[in-house]
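# Residue-level structure breakdown
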Amino acid sequence: MVEESRPAFAAERRERILELVRTNGSMSLRDIAAKVRASEVTVRRDVRAMEAEGLLDRRRGGAALPGRIGHEQSYTGKSSQCAAEKAAIAATAARLVRPGDAVTIGPGSTAEAFARALLGHGDLTVVTNSLRVADVLAGAAGVEVVMTGGTLHAPMRALVGAAAEASLTGLRVNRAFLSGNGVSADRGLSTPNPAVAGLDRALAACAEEIIVLADHTKVGADTMVPTVAPEEIAHLVTDSNADPEVLMTLEETGALVHVAVVADERGQ
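Okay, so let's go over this structure. (Residues numbered from 1 in each chain as written. Predicted model: local features only at pLDDT ≥ 70, side-chain atom pairs only at ≥ 80, totals over all residues. Heavy atoms only, no water.)

With that out of the way, let us pick up the overall build of the chain. On a plain count of helices and strands, the chain comes out with ten helices and 15 strands. Scored against the burial criterion, the 268 residues of the chain give a buried share of 52%. A separation of at least 24 residues holds for 62% of the contacts in the chain among residues at least 6 apart in sequence. For the chain, the exposed surface amounts to about 12,000 Å²; the carbon and sulfur share of it is 52%. (Helix = DSSP H or I, 4+ residues; strand = E, 2+ residues; numbered from the N terminus. Buried < 20%, exposed > 50% of the residue type's maximum accessible area, 1.4 Å probe, protein only. Contact = heavy atoms within 4.5 Å. Areas by Shrake-Rupley, 256 points an atom, 1.4 Å probe, with all protein chains shown as cover.)

Here we take up the pattern of salt bridges. Where side chains of opposite charge bring their charged atoms close, a pairing between them can arise. If you walk through the whole model with that rule in mind, you get eight salt bridges. A salt bridge links Asp101 to Arg175; its shortest N-O distance comes to 2.4 Å. With Asp101 in the loop between helix H5 (83-94) and strand S4 (102-105) and Arg175 in strand S9 (residues 173-178), this pair connects stretches of sequence that are 74 residues apart. Pair check on accessibility: Asp101 and Arg175 agree, each one buried. Each of the salt bridges in this network shares a partner with another, and the network as a whole consists of Arg13, Arg14 and Asp46. (Salt bridge = Lys/Arg side-chain N within 4 Å of Asp/Glu carboxyl O.)

For the pair H5 and helix H6 (residues 109-117), the least separation of the axes is 8 Å and the interaxial angle reads 55 degrees. Taken together, the axes of H5 and H6 are oblique relative to one another. When the axes of H5 and H6 are compared, the crossing they make is right-handed. Residues Lys86, Ile89, Ala90, Ala91, Ala93 and Ala94 of H5 touch H6, and the partners they reach there are Ser109, Thr110, Ala113, Phe114 and Ala117. A breakdown of the residues in the contact of H5 with H6 according to their chemical character gives eight nonpolar, two polar and one charged. (Axes fitted to C-alpha atoms, helices over the stretch in contact; angles between N-to-C directions. Parallel < 35°, antiparallel > 145°, perpendicular 65-115°, else oblique. Left-handed = near helix turned anticlockwise from the far one by under 90°. Nonpolar A, V, L, I, M, F, W, Y, C, P; charged D, E, K, R; others polar.)

With that settled, the discussion passes to the sheet that holds strand S12 (residues 207-213). Within a beta sheet, neighbouring strands are joined by backbone hydrogen bonds and run either parallel or antiparallel to one another. Spatially, the seven strands line up as an open sheet ordered S6-S5-S4-S9-S12-S14-S15, and their pairing is parallel. Each having just a single partner strand, strand S6 (143-147) and strand S15 (256-260) make up the two edges of the open sheet. On average, each strand axis in the sheet is inclined to that of its neighbour by 20 degrees, with strand direction left out of account. Its contacts with the sheet place H5 against S9, S12, strand S14 (233-239) and S15, and it is angled at close to 140 degrees to S14. (Pairing = 2+ DSSP bridges.)

The periodicity of an α-helix, 3.6 residues per turn, causes residues three or four positions apart to be oriented the same way. Most of H6 sits out of view: seven of its nine residues are buried. Where H6 is concerned, the buried positions are Ser109, Thr110, Ala111, Glu112, Ala113, Phe114 and Ala115.

Here the focus is the pairing of S14. Of all seven residues in S14, six are buried; the element is thus mostly enclosed. Inspection of the sheet shows S12 paired to S14 by four bridges, in the parallel sense. Bridged to Val212 within S14 is Leu236. Across five bridges, the pairing between S14 and S15 is parallel. Following the sheet pairing, His235 is matched in S15 by Leu256.

As a further point, take empty space enclosed by the protein. Tallied over the entire structure, the rule returns one cavity of 30 Å³ or more. If you add up the space inside the largest cavity, you get close to 100 Å³. In terms of lining residues, the largest cavity is bounded by 15 residues, among which Pro107, Gly108, Met156, Ser179 and Gly180 are the most central. For the lining of the largest cavity, the secondary-structure elements that each account for two or more residues are H6 and helix H9 (194-205). Here the lining of the largest cavity is composed, by residue class, of four nonpolar, eight polar and three charged. (1 Å grid on protein atoms, 1.4 Å probe; cavity = no way out; pocket = protein on both sides within 12 Å on 5 of 7 lines; lining within 4 Å. Points joined across faces, edges and corners; volume = space filled by probe spheres on them.)

Following this line, the structure appears as structure tokens:
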């Protein structure tokens, strides 16, 4: 009886893992383990077996659906993921902003959380191609918002294209804050969409230093189009669930890593 129940339990657990990854696009092993109430060792074994069956792709410290390296998830889908982690990252990153700064902010749900963390920061100029970032900061006292032109890329709620890139030519700002979809020591920051990648590069090119905002599901992940080389990342702001070994490899490229503590981890 005991031996017969084990395969059934494993099959049920793997079905749940596949359901989670299908819903989220990609997930860390740690998050999967918490959801299915199993050890990371067990989940790693499950993911390895599912990869052999062609159901999943293994990523460093996580799993994704096959072919997800070029997949761009909807903004709504991303906004609901890792909300607490993104808020903690945003609060930590906001401490890197100085009065009188001019900054660029890219698109994405983490960037939108960062914009909220800037409310109350006066004497600040923000250049962005993100409709969500601009909307958050539209009524902020002491914050001047400058938007690029361009064509609307609906999945990201962002302006992209040649006109958007041209509008950034010749600008100089103190810092660029970018999120993207993956960051690794091998390829740096990356995103699945070439048009978004072009704007991320243009936003980065304006800045004296580049700051990457990435929750733990993005740390160690690679997506299709590289945007910022590893050695060009001055700061990486992530959360405490990020793989420490991957963070070490990023530090070796020269990035200063800031680990944000999520509110419930402080007992709040």
